[in-house]
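Here's the letter readout for the chains.
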Amino acid sequence: MENALITIIFMAVVGAAIGGFTNYLAIKMLFRPHNPIYIKNWRLPFTPGLIPKRREELATQIGMTVKKYLLTPEVFQKKLFTNEIRTSVLQFAQTKVEQTIFTTDKTILDWLKLGGFQDLPTTIENQVDQVIETQFLKAKNTLSTKTIDELLPTNVHASINKKIPEVVTYVLHKGEEYFLSSKGEQTIKNMMDDFLGSKGSFGGMIQMFIGDSTSFVGKIQKELIKFLNAPGTKILFVNIISGEWDKFKQQPAMNYLKDVDFEPILTNIQSYAKKELAIKARLDQPITYYWPSGIDYATKDVLPKLVDMGFDQAQQKLEDVLNRLKLEEVVREQVDSFPLEKLEEIVIGIANKELKMITILGAVLGGVIGIVQGLIVYVLN
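Residues numbered from 1 in each chain as written. Predicted model: local features only at pLDDT ≥ 70, side-chain atom pairs only at ≥ 80, totals over all residues. Heavy atoms only, no water.

An unreviewed UniProt entry lists the chain under the name DUF445 family protein, from Lysinibacillus antri. In the Subcellular location (unreviewed entry) part of its UniProt record, the chain is described as follows: "Endomembrane system". According to the UniProt record, the Sequence similarities (unreviewed entry) comment for the chain reads "Belongs to the UPF0754 family." (UniProt positions renumbered as here; feature names shortened; annotations may be inferred.)

K.L.:
Teacher, can you tell me more about the overall build of the chain here?
P.N.:
In terms of regular secondary structure, the chain is built from 20 helices and 2 strands. Its C-alpha radius of gyration of 56 Å places the chain more than 25% over the 21 Å reference for a compact globule of 381 residues. Each of the three principal axes of the chain carries a C-alpha extent, and together these read 195 × 50 × 40 Å. Residues classed as buried in the chain amount to 23% of the 381 residues present. (Helix = DSSP H or I, 4+ residues; strand = E, 2+ residues; numbered from the N terminus. Rg over C-alpha atoms; globule rule 2.2 N^0.38 Å. Buried < 20%, exposed > 50% of the residue type's maximum accessible area, 1.4 Å probe, protein only.)

K.L.:
How should I be thinking about the nonpolar core in this particular structure?
P.N.:
Nonpolar side chains in soluble globular proteins tend to be buried together. Ile164, Val168, Leu172, Phe179, Ile188, Val217, Ile225, Leu228, Val238 and Trp245 together form the largest nonpolar core, which totals 10 residues. Tallying contributions element by element places helix 9 (residues 154-180) first for this core, with 4 residues. Setting aside its immediate chain neighbours within four residues, Ile225 contacts Glu176, Phe179 and Leu180. Counting residues in each nonpolar core, the second largest holds 7 residues, with Phe136, Met254, Phe262 and Leu266 among its members. (Core = buried A, V, L, I, M, F, W, Y, C linked by side-chain atoms within 4.5 Å. Contact = heavy atoms within 4.5 Å.)

K.L.:
Got a minute to help me understand the pattern of salt bridges in this structure?
P.N.:
Side chains that differ in sign of charge can pair as their charged atoms come close. Under the defined criterion, the tally for this structure stands at 10 salt bridges. With its nearest N and O atoms 4.0 Å apart, the salt bridge here joins Lys300 to Asp296. One end of the pair is Lys300 and the other is Asp296, both in helix 17 (residues 294-325) and 4 residues apart, which spans about a single turn. For Lys300, a relative accessible area of 64% corresponds to the exposed category. (Salt bridge = Lys/Arg side-chain N within 4 Å of Asp/Glu carboxyl O.)

K.L.:
Just checking my understanding: could you explain the side chain of Gln270 for this structure?
P.N.:
Within the secondary structure layout, Gln270 lies in helix 14 (residues 262-277). Assessed through its relative accessible area of 13%, Gln270 is described here as buried.

K.L.:
Looking at this structure, how should I read the packing of helix 9 against helix 13 (residues 231-249)?
P.N.:
Packed helices, taken two at a time, are described by their axes: the angle between them and the distance between them. Running from N to C, helix 9 and helix 13 cross one another at 140°; their axes reach a closest spacing of 9 Å. Considering their axes alone, helix 9 and helix 13 lie oblique with respect to each other. The element helix 9 and its partner helix 13 pack so that their crossing is right-handed. Listed contacts from helix 13 to His157, Ile160, Asn161, Ile164, Pro165, Val168, Thr169 and Leu172 of helix 9 are Thr233, Lys234, Phe237, Val238, Ile241, Ser242, Trp245 and Lys249. (Axes fitted to C-alpha atoms, helices over the stretch in contact; angles between N-to-C directions. Parallel < 35°, antiparallel > 145°, perpendicular 65-115°, else oblique. Left-handed = near helix turned anticlockwise from the far one by under 90°.)

K.L.:
It is not clear to me how the UniProt feature "transmembrane region" (unreviewed entry) in the chain should be interpreted in this structure. Could you clarify?
P.N.:
Mapped onto this numbering, the UniProt entry gives "transmembrane region" (unreviewed entry) at residues 6-27 and 358-380. Taken end to end, residues 6-27 has its terminal C-alpha atoms 31 Å apart, with 100% of it in helix and 0% in strand. Here residues 358-380 is 100% helix and 0% strand, with 32 Å between the C-alpha atoms at its ends.

K.L.:
What exactly am I supposed to notice about unusual backbone geometry here?
P.N.:
In terms of backbone geometry, most residues other than glycine have negative phi values and most peptide bonds are trans. Its identity is not glycine, yet Ala278 carries a phi of approximately 45°, on the positive side. Tracing the backbone through its elements, the reader meets Ala278 in the loop between helix 14 and helix 15 (279-283). For Ala278, a relative accessible area of 25% puts it in the partly exposed group.

K.L.:
How should the packing of helix 5 (residues 83-101) against helix 17 be read in this particular structure?
P.N.:
Running from amino to carboxyl end, helix 5 crosses helix 17 at an angle of 140°, the nearest separation of the two axes being 10 Å. As the angle between them shows, helix 5 and helix 17 are arranged oblique. As helix 5 packs across helix 17, the resulting crossing turns out to be right-handed. Residues Ile85, Arg86, Val89, Leu90, Ala93, Gln94, Val97 and Glu98 of helix 5 lie in contact with helix 17, whose contacting residues are Ile295, Ala298, Thr299, Leu303, Pro304, Val307, Asp308, Phe311, Asp312 and Gln315. Tallied by class, residues from the contact of helix 5 with helix 17 come to 11 nonpolar, 3 polar and 4 charged. (Nonpolar A, V, L, I, M, F, W, Y, C, P; charged D, E, K, R; others polar.)

K.L.:
Sorry if this is basic, but what is going on with the environment of Leu143 here?
P.N.:
Tracing the backbone shows Leu143 in helix 7 (residues 120-145). Taking the C-alpha atoms as reference points, Leu143 and Asp110, 33 residues apart in sequence, are found 44 Å from one another. Once you skip the residues sitting within four places of it in the chain, Leu143 turns out to touch Leu151, Pro252, Ala253, Met254 and Leu257.

What follows is the structure, given as structure tokens:
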């Protein structure tokens, strides 16, 4: 009986040692050895360990699992496109717009300098000078090559032709008023005296014959008034002015501007344009100076619409973006490149207690099996 008890205890101890060691060895063989072991050309079985040997397959499976069950479009939509996140994004954007764009600390010129436009006012002024000079030379060339008739619009021609009879009527009427006035009478008398005086002795003789020219002024005055009121006079003046106007229209405009120095005119136009534009002074103002209500419009109207539009577009394109990212490939590459030593350390560190319990359980089971074997041996003997 004593020998049987010793045998049972011995077999229990051996079974526990074998069970605990085999479980411990099995756990270690999950990771070790990290690399295959060769004896000449023969690879030692069970090398490398299970995880190093199946590392590529494991990485592929983890990648597919992550894509199909963990990082799915539904998960991203649930986590990223919530009302809280949308509100946070909107508030962040509103704050940044208020603090950066609609601030009095930075002028439009400062923003342009940040964008790399260091000498924009000077550049604009040079462009203004160039544009004005180009247009000025085109206008000058047009004046040199085209007649006044070609330069004036058709409606202007019609208007001028219509106004000529009116102008003639007005001039004749004013001429009648003038010659009927005392000033007109004096003018007629002076003209007669000058005319007779210019004829020498013959004029003096006529002047002695007619006596005082005042009496003769009235007759001349009546004849002048008759002449001005005669229908043929108006027609004559209209024809003369129309003829002269037709001759005038056929001449190049530059013929009447030969003595004009255009260079100072160009310089004055350029200076006036730059003075009125005042590019640097206008740009040296904050955005709020020109757009006081811009901050309310941007933060309360534009940004909410942009955020909503951005979230809607992101939701619509989410699945396509995830497919383009190829998350399974990313995960596979990361797992495949992850150091085995670090992976073993992480797994052992997380499941250390459980792995120890597995080892102990193996020892317990081995001990129980040893006891059962001892009892069987004892019974058989």
